[in-house]
Amino acid sequence: MLDKLPKGYFIEWSGQYEISYGEKNIETDFTCRVADYFLCMYFAFHSVREAFFSLITVPFALIGGAYMIYFWGVNCCMHH
């Protein structure tokens, strides 16, 4: 079964090294994106304080959204 893959497809085995390498890339990417957003906010507001307060609200918004979905049974994706 594995020897009959469509043309252009292949199977490659990987191990723990591949996983840790991917996690490192995700951490670096996340850090760079947050820094980019901070710079954009700084240039928009011309204030480090305003940029910081704008970015710090994001985790609280995510927590509030999860709270609303879980406790109030809100389902925005499905229509009954």
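For the structure, see preceding data.
Residues numbered from 1 in each chain as written. Predicted model: local features only at pLDDT ≥ 70, side-chain atom pairs only at ≥ 80, totals over all residues. Heavy atoms only, no water.

For the structure on display, the rule yields 2 salt bridges. Two residues, R49 and E50, come together in a salt bridge whose shortest N-O distance is 3.9 Å. (Salt bridge = Lys/Arg side-chain N within 4 Å of Asp/Glu carboxyl O.)

Okay, the packing of aromatic side chains next. Scanning the entire structure with this criterion turns up 5 aromatic pairs. Taken together, a centroid distance of 4.8 Å and an interplanar angle of 45 degrees make the contact between Y67 and F71 tilted. Of this pair, Y67 and F71 both sit in helix α2 (residues 48-72), 4 residues apart, which is roughly one turn of that helix. Given a relative accessible area of 53%, F71 falls into the exposed group. Here the aromatic rings of Y67 and W72 are separated by 6.0 Å at their centres, their planes lie at 70 degrees, and the arrangement is edge-to-face. Given a relative accessible area of 43%, Y67 falls into the partly exposed group. Clustering of aromatic rings is evident, with ring pairs tying together Y67, Y70, F71 and W72. (Phe/Tyr/Trp six-rings, centres within 6.5 Å; stacked < 30°, edge-to-face > 60°. Helix = DSSP H or I, 4+ residues; strand = E, 2+ residues; numbered from the N terminus. Buried < 20%, exposed > 50% of the residue type's maximum accessible area, 1.4 Å probe, protein only.)

Under the 1.5 Å per step criterion, the end-to-end length of α2 is 36 Å for 25 residues, consistent within 8% with the ideal 36 Å. Phi for G73, located one or two positions after α2, is positive at around 70 degrees. (Expected span 1.5 Å × (residues − 1).)

What follows is about the layout of surface pockets. Empty space left among the atoms is revealed by rolling a probe the size of a water molecule over them. Looking at the largest pocket, its volume works out to about 160 Å³. Lining the largest pocket are F30, R33, V34, Y37, L55, V58 and P59. Put simply, the parts of the chain that give the lining of the largest pocket at least two residues each are α1 (16-45) and α2. Looking at the lining of the largest pocket element by element, the count peaks at 4 residues for α1. (1 Å grid on protein atoms, 1.4 Å probe; cavity = no way out; pocket = protein on both sides within 12 Å on 5 of 7 lines; lining within 4 Å. Points joined across faces, edges and corners; volume = space filled by probe spheres on them.)

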